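Residue strings, one per chain:
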Amino acid sequence: MKYVLVTGGVVSGLGKGVTASSIGVLLKACGLRVTSIKIDPYLNTDAGTMSPFEHGEVFVLDDGGEVDLDLGNYERFLDVKLTRDNNITTGKIYQSVIEKERRGDYLGKTVQVVPHITDAIQDWIERVARIPVDGKEGPADVCVIELGGTIGDIESMPFIEALGQFSYRVGPGNFCLIHVSLVPVLNVVGEQKTKPTQHSVRQLRGLGLTPNLLACRSTKELDDNVKAKLAQFCHVPLSNIVTLHDVPNIWHIPLLLKDQKAHEAILKALNLLSVTKEPNLKEWTTRTKVYDEFHENVRIAMVGKYTGLSDAYLSVLKALLHAAVARNRKLIVDWVAAEDLEDVTSKQDPNAYKAAWELLKGAHGVLVPGGFGDRGVEGKILAAKYARENNIPYLGICLGMQIAVIEFARSILGMDDTTSTEFDPKAKNPCVIFMPEGSKTHMGGTMRLGSRRTYFQVADCKSAKLYGNVSFVDERHRHRYEVNPDMISQLESAGLSFVGKDETGSRMEIIELPSHPFFIGAQFHPEFKSRPGKPSPLFSGLIAAACELDRTVMSPSHGHTKLPNGIHNGHSPILKSHQNGNGFKTTNGSVNGIYTNGNSNGVHL
């Protein structure tokens, strides 16, 4: 097994995750099998209990693991299925060591950071690296490891020590270290400054790790004299210094690495040059360049409560992009703060209220993503109501589906007081309730998590057709509350169709309004399995319907009834030569390749 370690210096948020993913793409293009591990030095055992404001979205794996969003990047870039153990945290390591100590596994020894914690880290890496993640038998050829945080962080020290020992443990030719660092440009002098990177590399070497390659983040390509200076003072060959400058979208990063022959430096360090081929990134190159040429737009209103932080909805944004690119459209996301749609805002901040409604009414489709808590709920209900009454394509995910059910019960059944017990535990007539698979007392790892099966109840429903007329689908879940089974017959008699259920028939998985051009809610999270070139079917349906709305001459009520192509026959056109992801820089109103209304402050890389 060969190992590639990616570390970061100077500042956080440089793009280690994208760099690690791109290295994986490059090595895979050379004919190697690749797996990934993300190390997060926080004490939480997983990302499940952290606020999106703290750490961005929580990415959910097939096995129910709640992990760092960078594992989502790995899965999308490499088209693999990772496990919860591919995300190592300080909490997990200390928990495993303490459990061993309590069992007496250390035979009375004093348990210390060195060697017990550091040994546990190395053992974990070796064990997980051998788990196949690409559907093939046997271990991968190369494991790409990303160390979160910045060199010098006190919480990273045990991992730095362990990885230093690990490089000796696996031996020369089996370990390659790539250090991602910042080369800033001071506006006063306009010169690329190498000193921060010099200090970072010196600190890294002092901790027992020597970089094989330097990946330098900068606004533009490094000057030759700057590269020469870095090579001299960082003791890294000139050919092993690559520039990761700002690009329109992140799909350019593997191409940047290839053009600078980063793969040759990595393969040489791993003694793999003789057994690999030249990287074949023809399809990747086509996808990247084609997206940059799109001119027609599709506007989607994203109605949520974390609109100031697009990281909170990173996988949803990616899934929308995958679907939009398959339709040859440039995606424009209008971020709508759910609270701004509420009546109380019309009195407190009329301008915000007006702006939010203008964005909602100007969109070709509405998406209400998952979430927790009651903040902004009434605004989300109003968004679902607007989409339902005006025949605007709507997709509700998790909470977004529950919102749609609550709105339908209130508006159609006249149940004005109905809500979810999540928002009102004492609700007398709730249509969304706490389901028994979780715990009311513990927060972490207690939800309905991971891949679960949904069986279609109606063969000719839109959802089943979008999935290719299959009888069931496996999708990933993350929730505690579900539609009240006691209200299903009442809701269905009023026109709401529950077209997808679990194997017991008591958990509602997919809803549709048959009379609506496209109004679908899913209790699961389809965004987690969306891939470039293979967009999620439900997102494909939303974008297809939104594109059709854009082409339709609408009445003053914005209504239309014509179904988009691809929903009639169950096949949403997918152009495999097109794909896109978020890029390295936010410019001119776009968030890393996604055009927005400016309410978002960028995407974590």
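Residues numbered from 1 in each chain as written. Predicted model: local features only at pLDDT ≥ 70, side-chain atom pairs only at ≥ 80, totals over all residues. Heavy atoms only, no water.

A. Geometry of a nonpolar patch on the surface. A surface patch of nonpolar side chains, amounting to about 320 Å² of accessible area, comprises Leu186, Val188 and Val189. Here Leu186 shows up in strand S8 (residues 185–186). Taking relative accessible area as the criterion, Leu186 reaches 45% and is therefore assigned partly exposed. (Patch = residues over 30% accessible without salt bridge, like charges linked within 9 Å, V, L, I, M, F, W, Y side chains within 5 Å. Areas by Shrake-Rupley, 256 points an atom, 1.4 Å probe, with all protein chains shown as cover. Salt bridge = Lys/Arg side-chain N within 4 Å of Asp/Glu carboxyl O. Helix = DSSP H or I, 4+ residues; strand = E, 2+ residues; numbered from the N terminus. Buried < 20%, exposed > 50% of the residue type's maximum accessible area, 1.4 Å probe, protein only.)

B. Structural context of the packing of aromatic side chains. Inspection of every chain in the model, using the stated rule, returns 14 aromatic pairs. Summarising the aromatic geometry, the rings of Tyr3 and Phe166 are spaced 4.8 Å apart at their centres and angled 80° between planes, so their arrangement reads as edge-to-face. Here the residue Tyr3 occupies a position in strand S1 (residues 2–8), and Phe166 occupies one in helix H6 (residues 157–170), the gap between them amounting to 163 residues. By relative accessible area, Tyr3 is classed as buried at 1%. Since its relative accessible area comes to 0%, Phe166 is described here as buried. Pairwise contacts between aromatic rings join Tyr3, Phe166 and Phe175 into one cluster. Against the face of Trp124 rests Arg127, its NZ or CZ located 5.0 Å from the ring centre. In this structure, Lys330 packs its charged tip against the face of Tyr291, placed 4.1 Å from the ring centre. (Phe/Tyr/Trp six-rings, centres within 6.5 Å; stacked < 30°, edge-to-face > 60°. Lys NZ or Arg CZ within 6 Å of the ring centre and 35° of its normal.)

C. Expanded view of the nonpolar core. One finds Val4, Ile23, Leu27, Ile178, Ile253, Leu257 and Ile266 to be the most contacted residues of the largest nonpolar core, which totals 49 residues. Looking at which element gives the most residues to this core, the answer is helix H1 (residues 16–29), with seven residues. (Core = buried A, V, L, I, M, F, W, Y, C linked by side-chain atoms within 4.5 Å.)

D. Just the sheet that holds strand S11 (residues 241–245), in detail. The strand order across the open sheet formed by seven strands is S5-S2-S6-S1-S7-S10-S11, and the pairing between neighbours is parallel. Strands at the two margins of the open sheet, each flanked by one partner only, are strand S5 (87–89) and S11. Strand-to-strand, the axes of this sheet are offset by a mean angle of 20°, without reference to chain direction. Of the pairings in the sheet, the one linking strand S2 (residues 34–40) to strand S6 (residues 142–147) comprises six bridges and is parallel in character. The partner of Thr35 across the bridge, within S6, is Cys143. Of the strands in this sheet, strand S10 (213–218) and S11 are in contact with helix H8 (residues 224–234), which crosses S11 at around 130°. (Pairing = 2+ DSSP bridges. Axes fitted to C-alpha atoms, helices over the stretch in contact; angles between N-to-C directions. Contact = heavy atoms within 4.5 Å.)

E. Geometry of the packing of helix H5 (residues 113–129) against H6. Closest axis-to-axis distance for the H5/H6 pair is 9 Å, and the angle between their directions is 60°. Two packed elements cross with a definite hand, and for H5 against H6 that hand is right-handed. In this structure, H5 contributes Val113, Val114, Ile117, Thr118, Asp119, Ile121, Gln122, Asp123, Ile125 and Glu126 to the contact, and H6 contributes Pro158, Phe159, Glu161, Ala162, Leu163, Gln165, Phe166, Arg169 and Val170. Residue composition of the contact of H5 with H6, by class: eleven nonpolar, three polar and five charged. (Left-handed = near helix turned anticlockwise from the far one by under 90°. Nonpolar A, V, L, I, M, F, W, Y, C, P; charged D, E, K, R; others polar.)

F. Just unusual backbone geometry, in detail. Look at the link from Val114 to Pro115: it is a cis peptide, with omega at 20°. Relative to the helices and strands, Pro115 is located in helix H5. Positive phi is not limited to glycine here, since Asn328 has a value of about 60°. Tracing the backbone through its elements, the reader meets Asn328 in the loop between helix H12 (314–326) and strand S13 (330–337). If you check the backbone angles, Asn469 has positive phi at about 60° while not being a glycine. The residue Asn469 is located in the loop between helix H17 (462–466) and strand S18 (472–479) in this model.

G. Expanded view of the side chain of Ser463. As for its position among the elements, Ser463 is in helix H17. Here Ser463 is in contact with Phe456, Val499, Ile510, Glu512, Ile520 and Leu538, once residues within four sequence places are set aside.

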